[in-house]
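Given next are the chains, with one letter for each unit.
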Amino acid sequence: MLIELPNQILNTSDETADLAARIGAQLRIGDTLLLQGDIGAGKSFFARALIQSLQDHPEDVPSPTFTLVQTYTTNIGEVWHADLYRLNDPSEAEELGLAEAFSDAICLIEWPDRLANLVPPDAITLFFTTLANDDMRQISFSGGTQALRSRISKALL
């Protein structure tokens, strides 16, 4: 039975950034986070905070909405941040090199439904839901390996 990961209620953008940093500290090469939620639910903000928390000198982390993929060198290895909203076919994800990145990097994937059958079987999904105001959100978790869930559980409140 998989470790239960409780939903996280985050009241402010600072709490969201803090959770992203704590989760980032638990990630290893080969880990994939699938970030799901409506437009404006906080997926890109979370990814940006996670990436910057892993950099010795935080750099600008633009949304990859138009570039589709941005890569970053961090103190624990390469991180790929992908926004697949504009993909029309899963084969386009293969052309981006995501299949290799799933094993060679840490991957943060927005709009993972565009991957179809290319979703790594050991990936964990984070579902973002906006609550009472623009800064409040809930993050819930699904899937992932026992080992990944165990590491993420150390980051949760």
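Residues numbered from 1 in each chain as written. Predicted model: local features only at pLDDT ≥ 70, side-chain atom pairs only at ≥ 80, totals over all residues. Heavy atoms only, no water.

### Digging into the nonpolar core
Taken as a class, soluble globular proteins show a tendency for nonpolar side chains to be buried jointly. Among the nonpolar cores identified, the biggest contains 29 residues, and Ile23, Leu33, Phe46, Leu50, Leu126, Phe141 and Ile152 are the most heavily contacted of them. Not counting residues within four places of it along the chain, the set of residues in contact with Leu126 comprises Ile23, Leu33, Leu34, Leu35, Gln36, Phe46, Ile139, Ser140 and Phe141. Grouped together as the second largest cluster of nonpolar side chains are 17 residues, Leu68, Ala101, Ile109 and Ala123 included. (Core = buried A, V, L, I, M, F, W, Y, C linked by side-chain atoms within 4.5 Å. Buried < 20%, exposed > 50% of the residue type's maximum accessible area, 1.4 Å probe, protein only. Contact = heavy atoms within 4.5 Å.)

### Some details on the pattern of salt bridges
Counted by the stated rule, this structure contains 3 salt bridges. Ionic pairing is found between Asp31 and Arg151, a salt bridge with its closest N-O pair at 2.6 Å. With Asp31 in the loop between helix H1 (13-24) and strand E2 (32-37) and Arg151 in helix H5 (residues 146-153), this pair connects stretches of sequence that are 120 residues apart. Between Arg114 and Asp113 there is a salt bridge, with its nearest N and O atoms 3.0 Å apart. Accessibility expressed as a relative area gives 22% for Arg114, which makes it partly exposed. Under the relative-accessibility criterion, Asp113 is labelled partly exposed at 45%. (Salt bridge = Lys/Arg side-chain N within 4 Å of Asp/Glu carboxyl O. Helix = DSSP H or I, 4+ residues; strand = E, 2+ residues; numbered from the N terminus.)

### What to know about the pairing of strand E4 (residues 77-83)
Look at any regular strand and the pattern is simple: side chains alternate between the two faces of the sheet. Of all 7 residues in E4, 5 are buried; the element is thus mostly enclosed. Both strand E3 (residues 69-74) and E4 contribute to a ladder of 6 bridges, which runs antiparallel. Each residue of the ladder has a partner; that of Gln70, found in E4, is His81. The antiparallel hairpin formed by E3 and E4 contains 2 residues in its connecting segment. Across 5 bridges, the pairing between E4 and strand E5 (residues 106-110) is parallel. Residue pairing in the sheet places Ala82 in a bridge with Ile109 of E5. (Pairing = 2+ DSSP bridges.)

### So, the environment of Asp104
Along the polypeptide, Asp104 turns up in helix H4 (residues 98-104). Classification of Asp104 as exposed rests on a relative accessible area of 52%. For the pair Asp104 and Glu78, spaced 26 residues apart in the sequence, the C-alpha separation amounts to 7.9 Å. In terms of polar contacts, Asp104 uses its side chain to reach the side chain of Ser103, at 3.3 Å. (Polar contact = N/O pair within 3.5 Å; in protein donor to acceptor, adjacent residues only side chain to side chain.)

### Remarks on the packing of aromatic side chains
Any pair of aromatic rings gets described here by the distance separating the centres and the angle formed by the planes. The tally for this structure, following the rule as stated, stands at 2 aromatic pairs. Between Phe46 and Phe128, the aromatic rings sit 5.3 Å apart at their centres with planes inclined by 70 degrees, giving edge-to-face as the arrangement. With Phe46 in helix H2 (residues 43-53) and Phe128 in strand E6 (residues 124-130), the pair connects residues that are 82 residues apart, well separated along the chain. This pair shows no difference in class: Phe46 is buried, exactly as Phe128 is. (Phe/Tyr/Trp six-rings, centres within 6.5 Å; stacked < 30°, edge-to-face > 60°.)

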